[in-house]
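Letter by letter, the chains look like this.
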Amino acid sequence: MAPQTASSTRTRGTHSLATASLAPRARSLPLEHPSGAPRRPLRAVSNEELALRLRRRRARAMIIMSTLFLITVVTATVILHVFLDRGQLRLDQIKARVSTEVRTTRSLETQVANLETPARVVQRAGQLGMVAPHSVTYLKAPKGGVARSGVGRGARGTQAPGA
Amino acid sequence: MNSARRYGRRRSAFLFVLMATMLLWLGGQLADVQVVHARSILAGSGADQAVKVIPATRGSIYDRNFKLLAVSVRRYMVISDNLRRTRLASQAASLLSPLLGKSPAQLRVLLSENAGYVVLKRMLNRAQANAVRSEVFGHLNVLSRVTVAPEPLRVLPNGNLAAPVIGTVRMDSAGSLVGTSGLEYEFQKLLAGRPGKELPIGPSGAANFFGTPQVIRPAVPGDGLVLTIDNSLQFEVEHQLALEIAKSGAVSGTAAIMDTRTGAILALANLARSANGMVVEAPSNLGLTAVYEPGSVFKIVTFSAALQNHIITPQTTFTVPDHVVIDGALFHDAEVHPTQQMTARHIIAVSSNVGTIHIAQLVGKTLISRYINAFGFGKLTGIGFPGESPGILVPPNRWSPTAIGSTPIGQDDAVTPVQMLAAMNAVANGGVLVPPRLVRATVGPKGTIHPYPLPPARRIISASTASELNGMLQKVVQYGTGVHAVIPGYKVAGKTGTAQIPIHGAHGYQPGAFMATFAGFAPANSPALTAIVVLNRPHDIYGGAVSAPVFSNIMQYALHLFRVAPSGAGAPPPRRSRIIQAIPPGVATTTRLAATVSATGRVNSGHP
């Protein structure tokens, strides 16, 4: 499997895998680095070593990705908790307010009930000088129904019969 | 460089392995807590942490128009844990004295008691409680042992109005209200709700992230109870009854008004004279828990049996002397009169005992007994009231030789006033007995109204029999013993009753002690309301003289309140202005005003 991998990598044009093409390049390199620092000693790299490097690079990438993932997860969890706690705080505040409002409503309902009691109505009416009727008189409607008044008809612009 | 790289890689790998191990460990711990040892941890959690009960708010009781009759409100009490600090009692007493309205000396005594729970003051309102809390926080070094705790209070906005019906409550050890009598007791489960649970804040408590108590299970408030009682009618009925008790010198009295069609009790007044002579609410619901021999009002059963079985018609004529002897026992009419011809209609109108006994002898004890049972006597009404009495009936096989004389005139069997009312209501309702009821609906915590199921009605006499009896009972009010029950503008039917009171635990009757009753309905041509008034030991013993005027007053008010149309022509003029006469000076104006103002100012649901 390894040679196939190397071969497939070569075909993608990576710069370090074709040993055949390395020799001319090495010759064209200057002996010293432009900055004056000594050059790294050049040597031929075997396919096995390249494969090993590749595996290590992948492992490193994996570690970095895992770490990043872990950090992301932890950060996300922290953010989620912050939101949850803020929501809980708000919920607690609303609950406390509801509780207070319910108590206030109940208190006001009780006050209204106290004000509406027949005993109080009687007392207040007496204070206002209201008096009770001595008897009740019932009005009896005529058998033919109630006649419309002339004012009403006139207002609608109609004429009384025979007018 | 290679070694440095290698070292870096190793370090990364080590960190990865470390983190993975930690994650695995955390996962393992989670699984251990949540799965492996979940049950044991849950069981042990309650053992070392005191779970505090959150009392549920008790449901309110309303009248038929949703006006509050009983409501629970939160009050506060100030408690001191004297075992924590006792050295600064004097200072604490001085600080709390102006807030609690107690002298420093009194508080000093309380604060010096060697107890961990001393109540310094109860029933503080919210403002007072907050003032105490502020004082405690301001002087923690002195008042750290003082705490303010909530406690429930049952408030009756109308005072003692209908108190024997509503009932009473007490506070249990958990701080919840528990019904001890009346409807509060009967509907305890419904009204109480479900208490919640929370972990209190404290060293052993499990306060949540924000320092508030951790609620394990929230409290569910109790359901509300909507009664059939009408607030203003109840007030008027109690007022009129109180006036008559005071005027007639009665020991106690009961009055009730019922919706003819539905059996809903619109008012149920129970009053008694206290030791100092004041008329106050009776200690119990006499209308349902007390029995009495009803007297002549019971004759409707005898006449129903006779009419239903075609033994008599209203026009059937009898020769009636003023007395008759049965097995050595003398039965006589209320008034001395020569032997005369009387129709059945006239016999009931003037409440002739002798005439009724003649009819009863024709009917026979078996049939009479069957009709007594059919009218619901001897059984619970089904109203659902604690301590309701079924009455006391003598079975026909145990009737004494004189029972054919005493039972048909209401002097053997004992009934409750509400049973008697239901029986009269059956006549008004065309022969259909509607069980009385006190509860109209229940209200869920979120305001959902659930109508209370109507008890099943049953026909006990035919509509024609009921109609005939209705006509005969109208004569009672027109010219018979119940003329004081007349209501201007309305046709009224009813029956008076004046019964002797038996000696408790012995044979015979108390001399000079009578129960005066009037039961009737209006408008007689289209009955809408049925009422009963019972007075215990009035000076003027006759039901027609003391109970009928009260019936007239309360029925008149009720008819106007529920906007029942007058009967039309034929109604006699008022015989006297009882309303004004019955009310003492200074009370008359305001009392009648209550009726007028509430009748015009309230929103009625129309016909009861």
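As a reminder, the structure under discussion sits directly above these lines.
Parameters and conventions
- Residues numbered from 1 in each chain as written.
- Chains lettered and ligands numbered in written order.
- Predicted model: local features only at pLDDT ≥ 70, side-chain atom pairs only at ≥ 80, totals over all residues.
- Helix = DSSP H or I, 4+ residues; strand = E, 2+ residues; numbered from the N terminus.
- Buried ≥ 20, exposed ≤ 12 C-beta atoms within 10 Å, placed from the backbone.
- Contact = placed C-beta atoms within 7 Å.
- Pairing = 2+ DSSP bridges.
- Axes fitted to C-alpha atoms, helices over the stretch in contact; angles between N-to-C directions.
- Parallel < 35°, antiparallel > 145°, perpendicular 65-115°, else oblique.
- Left-handed = near helix turned anticlockwise from the far one by under 90°.
- Nonpolar A, V, L, I, M, F, W, Y, C, P; charged D, E, K, R; others polar.
- Arc of directions from axis to C-beta.
- Core = buried A, V, L, I, M, F, W, Y, C linked by C-beta atoms within 7 Å.
- Domains from an automatic or database assignment.

**Some thoughts on the overall build of chain B**
And then number 1: Within chain B, the regular secondary structure consists of 21 helices and 24 strands.
And then number 2: Residues classed as buried in chain B amount to 47% of the 608 residues present.
And then number 3: Look at the contacts in chain B between residues 6 or more apart in sequence, and 71% of them connect residues 24 or more apart.

**Some remarks on the sheet that holds strand S13 (residues 279–281) of chain B**
All names here are of chain B.
And then number 1: Across the sheet, six strands lie side by side as S13-S12-S11-S24-S23-S22; this open sheet has antiparallel pairing. One side of each edge strand has no neighbouring strand; the edge strands of this open sheet are S13 and strand S22 (493–502). The average angle at which neighbouring strand axes cross in this sheet is 20°, direction not considered.
And then number 2: Summarising the sheet, strand S11 (residues 252–259) and strand S24 (residues 529–536) pair through eight bridges and their orientation is antiparallel. Looking at S24, one finds that Ser 252 is bridged to Asn 536.
And then number 3: The strands that helix H17 (residues 417–428) touches are S11, strand S23 (509–522) and S24; relative to S24, the one it contacts most, it runs at about 145°.

**Considerations on the packing of helix H3 (residues 89–100) of chain B against helix H5 (residues 126–138) of chain B**
All names here are of chain B.
And then number 1: Closest axis-to-axis distance for the H3/H5 pair is 10 Å, and the angle between their directions is 165°. Taken together, the axis directions place H3 and H5 in an arrangement best described as roughly antiparallel. In terms of crossing hand, the pair formed by H3 and H5 is right-handed. Two secondary-structure elements touch here, H3 through Leu 95, Leu 96 and Leu 99 and H5 through Gln 128, Ala 131, Val 132 and Glu 135.
And then number 2: Broken down by class, the residue content of the contact of H3 with H5 amounts to five nonpolar, one polar and one charged.

**A few points about the sheet that holds strand S8 (residues 196–199) of chain B**
Residues and elements named next belong to chain B.
And then number 1: Pairing is antiparallel in the open sheet, where three strands are placed in the order S1-S8-S9. Single-partner strands in this sheet number two, and they are strand S1 (52–54) and strand S9 (214–217). The mean angle between the axes of side-by-side strands here comes to 35°, regardless of whether they run parallel or antiparallel.

**As for helix H4 (residues 104–111) of chain B**
Each turn of an α-helix holds 3.6 residues, which means side chains three or four residues apart point in the same direction.
Residue and element names in this part refer to chain B.
And then number 1: For H4, the set of buried residues is Leu 107, Leu 110 and Leu 111. One side of H4 carries all its buried residues, which in axial view fall inside an arc of 95°.
And then number 2: Each element contacted by the buried residues of H4 is listed here: strand S3 (68–80), H3 and strand S4 (118–124).

**Considering the nonpolar core**
One broad trend across soluble globular proteins is that nonpolar side chains are buried collectively.
Residues and elements named next belong to chain B.
And then number 1: By size, the foremost hydrophobic cluster in this structure holds 135 residues, and its most contacted members are Ala 256, Ile 257, Met 424, Leu 529, Ile 532, Ile 554 and Ala 558.
And then number 2: Among the elements that take part in this core, helix H19 (residues 543–561) stands out by supplying 11 residues, more than any other.
And then number 3: Each of domain 1 (52–82 + 116–227) and domain 2 (231–601) accounts for three or more of the residues forming this core.
And then number 4: Discounting residues that sit within four places of it in the chain, Ile 532 has contacts with Ala 255, Ala 256, Pro 417, Met 420, Leu 421, Met 424, Thr 517 and Ala 519.
And then number 5: Val 78, Leu 111, Ala 129 and Val 136 belong to the second largest nonpolar core, which has 19 residues in total.

Read these as layout, nothing more, since geometry by itself doesn't imply function.
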